[in-house]
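# Residue-level structural notes
Residues per chain, in single letters:
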Amino acid sequence: MSIEKFQKLVSTVVPLPIENVDTDQIIPARFLKAVERKGFGDNLFRDWRYKKDGTPNADFVLNNPKYSGQILVAGKNFGSGSSREHAAWAVYDAGFRVVVSSFFADIFKSNVLNNGLLPVQVPEAFLDEIFRIVETDPKAQFEVDLENQTITILKAGISVNFDINPYKKECLLNGYDDIDFLLSLKEEIVAFEQA
Amino acid sequence: MILEPKTLFDKIWDAHVVKQVKDGPDVLYIDRHFIHEVTSPVAFLGLEKRGMKVFRPQNTIATPDHNVPTIDQHLPIKEELSRIQVEALKENCAKNGIELYGLAHQYHGIVHIIGPELGITQPGMTIVCGDSHTSTHGAFGTIAFGIGTSEVEMVFASQCILQPKPKKMRISVEGKLQKDVTAKDIALYVISKISTSGGTGHFIEFAGSAIRSLTMEGRMTLCNMSIECGARGGMIAPDEVTFEYIKGREFAPKGEEWNDKLALWEQLKSDDNAVFDTEYQYDASDIEPMITYGTNPGMGIGVNGNIPTGENLTGSDRITFDKSLEYMGFKPGEKIKGKKVDYVFIGSCTNGRIEDFRLFANFVKGKKKANSVTAWIVPGSKKVEQQIREEGLVEIFEAAGFALRQPGCSACLAMNDDKIPAGKYSVSTSNRNFEGRQGPGARTMLASPLMAAAAAIAGVVSDPREF
């Protein structure tokens with residue numbers, strides 16, 4: 001098994017300028033009852049996206065036809081709370097490949113990386129700039145380049161670098177899976193147990 | 001040679017590194033892996049696709065807790081999807097030779113309650129579980145943290161996990177706690193100070209005389225909540241209180257082995273000059289009984305305090321604050337005391353242990369539950385339930401108008417039928433007050449069992465010291 005490779009992406013973005021978006025908002029606990037990885041995208045941001053009667057809430061960004069794209073841009077401290085990987089699956093299953101914020105919760109960050117989704121942490125000023133540009137031009141294109149670790153607002157020509165663990169970067173660029181790597185260490189693990 | 005002083009965290013971490021990956025994470029060996037029905041099925045599926053079995057089933061412990069009903073547990077689970085997950089756990093454990101403490105088992109309960117109460121959790125261990133509140137086990141001087149399902153699969157496959165080493169934080173609370181101030185109040189106080197993201201990237205060691213004075217159950221409550229400030233986990237150096245708690249439990253070391261282990265455990269503490277990346281110090285006497293007014297655990301105040309005005313907030317901070325108060329139906333600057341309470345929930349991996357129920361019982365004894373309040377009293381495990389019965393607490397509950405339910409995560413995350421209705425106010429001893437956490441539209445105020453008891457009796461947010 002392997003994860004989908006990620007190298008470079010040019011896309012419009014979907015803006016969600018809310019802070020501290022916790023995993024219960026990304027996917028409420030009552031939708032965690034599947035025994036497979038598929039189908040969580042329909043319930044991404046469920047209680048914001050749909051009204052109580054199940055009809056779409058027109059005010060929510062995912063229901064606004066103005067916005068589309070494979071990059072989700074959210075306010076600071078995205079993904080806090082539960083360790084449910086369903087949150088990462090839901091974001092991925094809804095068609096996103098990159099999540100941008102000024103700050104990510106730890107477990108969410110490792111969960112997205114393990115699923116071929118790239119978390120891009122940018123300075124707050126840059127995040128504000130993205131929100132500002134998208135508000136005036138929802139069709140503005142962004143480029144995310146993993147090899148060079150840059151995110152660029154193409155029309156403004158502004159770019160910032162982002163950090164990623166070099167090991168995780170290799171995994172994403174090549175579609176490597178952590179488990180294959182761990183399995184290759186079996187002898188060392190057994191030796192460790194016996195020491 | 002003079003050795004560099006090390007923190008407790010470093011000592012345990014370094015002893016579990018199988019291999020360091022160049023420019024990458026460490027390969028960390030895991031001593032105990034707890035699993036439950038919600039975050040394990042996809043990991044088992046992944047393993048099966050690789051044609052593999054669990055590598056070290058004897059170090060894996062399973063129990064269904066997240067979506068089990070808390071009444072009529074002897075009957076088949078009505079809700080189909082929950083039943084399928086619980087059944088899947090049973091089948092997967094049988095296939096892989098994993099010990100399962102299922103619904104009918106005498107050891108059944110919330111995963112973070114049963115590990116410690118059975119003596120499985122021991123100082124110096126590394127412990128993981130596909131649940132963020134795994135941090136609970138840190139109370140014993142273990143490195144314990146929550147992981148995602150891909151990582152559950154890693155541990156199934158190799159008993160190891162790839163982890164970058166986090167930074168170290170020490171939070172010291174010195175002095176004497178006021179009357180009726182509990183470990184839960186310390187947790188809510190600390191999170192209100194450092195925010196829900198203040199601990200991100202860190203592992204916390206709690207220290208100081210106020211922490212030392214806590215019982216093991218109080219320490220578990222505190223470490224349980226360390227994830228709520230964003231930390232990977234929290235831990236407390238083991239001491240006599242720890243050893244006394246473990247001794248004699250089902251899976252605790254016995255005889256000669258006990259003496260050997262004890263000698264090792266006594267070494268588990270941070271060296272005097274060990275360096276932490278971040279340090280905070282608080283005075284225990286400043287801490288009041290706490291309650292939350294907003295939609296994250298950092299939005300907490302003393303019971304006699306006012307909801308902040310938010311005046312000094314700008315931009316997205318202000319938007320987030322306003323959105324939160326609107327959801328709760330509160331106004332900036334209002335008093336929290338006297339606010340109406342519709343539901344009271346006592347339980348969860350945060351406050352579902354016997355001491356929590358003793359505290360609650362002691363308060364409600366001889367009083368009557370407010371008619372307007374619906375209360376759910378949910379023990380954290382079968383053993384806790386049994387203790388409640390043996391100690392005669394059930395009679396106290398019943399006389400005061402409360403009914404005891406059966407163990408499970410229950411209204412903490414409302415995956416089962418225990419949901420707070422939309423718009424209703426709940427005072428809850430659980431760990432998260434996120435929008436919709438206790439049911440769509442539910443409004444949660446987090447507090448200690450004592451605050452929950454006072455709210456249940458008065459029907460409004462109350463100071464337990466005024467009764």
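Relevant structure appears above.
Quick caveat, the model's predicted, so the values are computed rather than measured.

How each quantity is defined
- Sequence positions are assigned chain by chain, starting from 1 and proceeding in written order.
- Note on labels: chains are lettered from A, ligands numbered from 1, in written order.
- Totals for whole chains, interfaces and linings use every residue, but because this is a predicted model, local features are given only for residues with pLDDT of at least 70 and side-chain atom pairs only at 80 or more, for both listing and counting.
- Only heavy atoms go into the side-chain values, all of them from the structure, while hydrogens and water stay out.
- Put simply, DSSP H or I for four residues or longer makes a helix, DSSP E for two residues or longer makes a strand, and each gets a number counted from the N terminus.
- Per-residue accessibility, obtained with a 1.4 Å probe over protein chains only, is compared with the maximum for each type, and a residue is labelled buried under 20%, exposed over 50%, and partly exposed between these values.
- Here a polar contact is taken to be a pair of N or O atoms separated by no more than 3.5 Å, where protein atoms must pair a possible hydrogen donor with a possible acceptor and residues adjacent in sequence count only if both atoms sit in side chains.
- Only heavy atoms enter the contact rule, under which two residues are in contact if any of them lie within 4.5 Å.
- A strand pair is defined by DSSP finding two or more bridges across the two strands.
- Salt bridges are defined by distance alone: a side-chain nitrogen of Lys or Arg within 4 Å of a carboxyl oxygen of Asp or Glu.
- Accessible-area loss on putting two parts together, using a 1.4 Å probe and summing over both, is the definition of buried area adopted here.
- Three residue categories are used. Nonpolar comprises Ala, Val, Leu, Ile, Met, Phe, Trp, Tyr, Cys and Pro, charged comprises Asp, Glu, Lys and Arg, and polar comprises the others, including Gly.

Let us look at the side chain of Arg84 of chain A. Looking at the element boundaries, Arg84 of chain A is found in the loop between strand 3 (71-74) and helix 3 (86-93). A relative accessible area of 2% places Arg84 of chain A in the buried class. Side-chain polar atoms of Arg84 of chain A contact the side chain of Ser82 of chain A, separated by 2.9 Å. Beyond its immediate chain neighbours, meaning those up to four positions away, Arg84 of chain A contacts Thr23, Asp24, Ile27, Pro28, Ala29, Leu32 and Asn111 of chain A together with Leu413 and Arg437 of chain B.

Backbone-to-backbone hydrogen bonds join strands into a sheet, with any given pair of strands oriented parallel or antiparallel. All names here are of chain B. Taken in spatial order, the five strands of this open sheet run 5-4-3-6-7, and their pairing is parallel. Edge positions in the sheet fall to strand 5 (99-100) and strand 7 (143-146), since each of these pairs with one other strand and no more. Of the pairings in the sheet, the one linking strand 4 (residues 60-62) to strand 5 comprises two bridges and is parallel in character. When the sheet's bridge partners are listed, Ile61 is paired in strand 5 with Glu99.

Oppositely charged side chains may form a pair once their charged atoms are brought near each other. Residue and element names in this part refer to chain B. Applying the stated rule across the entire model yields 39 salt bridges over all chains. With a closest N to O distance of 3.0 Å, Asp10 and Lys165 form a salt bridge. Of the two residues, Asp10 sits in helix 1 (residues 8-14) while Lys165 sits in the loop between strand 8 (160-163) and strand 9 (167-174), which places them 155 residues apart along the sequence. Using a relative accessible area of 8% as the deciding quantity, one classes Asp10 as buried. A salt bridge links Lys22 to Asp23; the nearest nitrogen and oxygen atoms lie 3.4 Å apart. Relative accessible area serves as the criterion here: at 71%, Lys22 is assigned to the exposed category. One network of salt bridges, with partners in common, ties together Lys6, Asp10, Asp14, Lys165 and Lys168.

What follows is about the interface of chain B and chain A. Taken residue by residue, the interface counts 63 residues in chain B and 54 residues in chain A. Both faces combined, the contact of chain B with chain A buries some 4900 Å², and carbon together with sulfur accounts for 61% of it. When the buried surface of chain B facing chain A is broken down by residue, Val42, Arg50 and Phe434 of chain B rank first, second and third, together holding 12% of it. Joining chain B to chain A, the criterion identifies seven salt bridges. Between Arg437 of chain B and Asp24 of chain A there is a salt bridge; the shortest N-O distance is 2.9 Å. Counting every contact that joins chain B to chain A gives 24 residue pairs in polar contact (both at pLDDT 80 or more). The set of elements that each furnish at least two residues to the side of chain B that touches chain A consists of strand 1 (17-20), strand 2 (26-29), helix 2 (41-49), helix 3 (80-96), helix 5 (149-158), strand 8 and helix 11 (315-328) of chain B. Top contributing element to the side of chain B that touches chain A by residue count: helix 5 of chain B, with seven residues. Classifying every residue of the side of chain B that touches chain A by side-chain character gives 27 nonpolar, 22 polar and 14 charged.

That is the geometry; function is a separate question.
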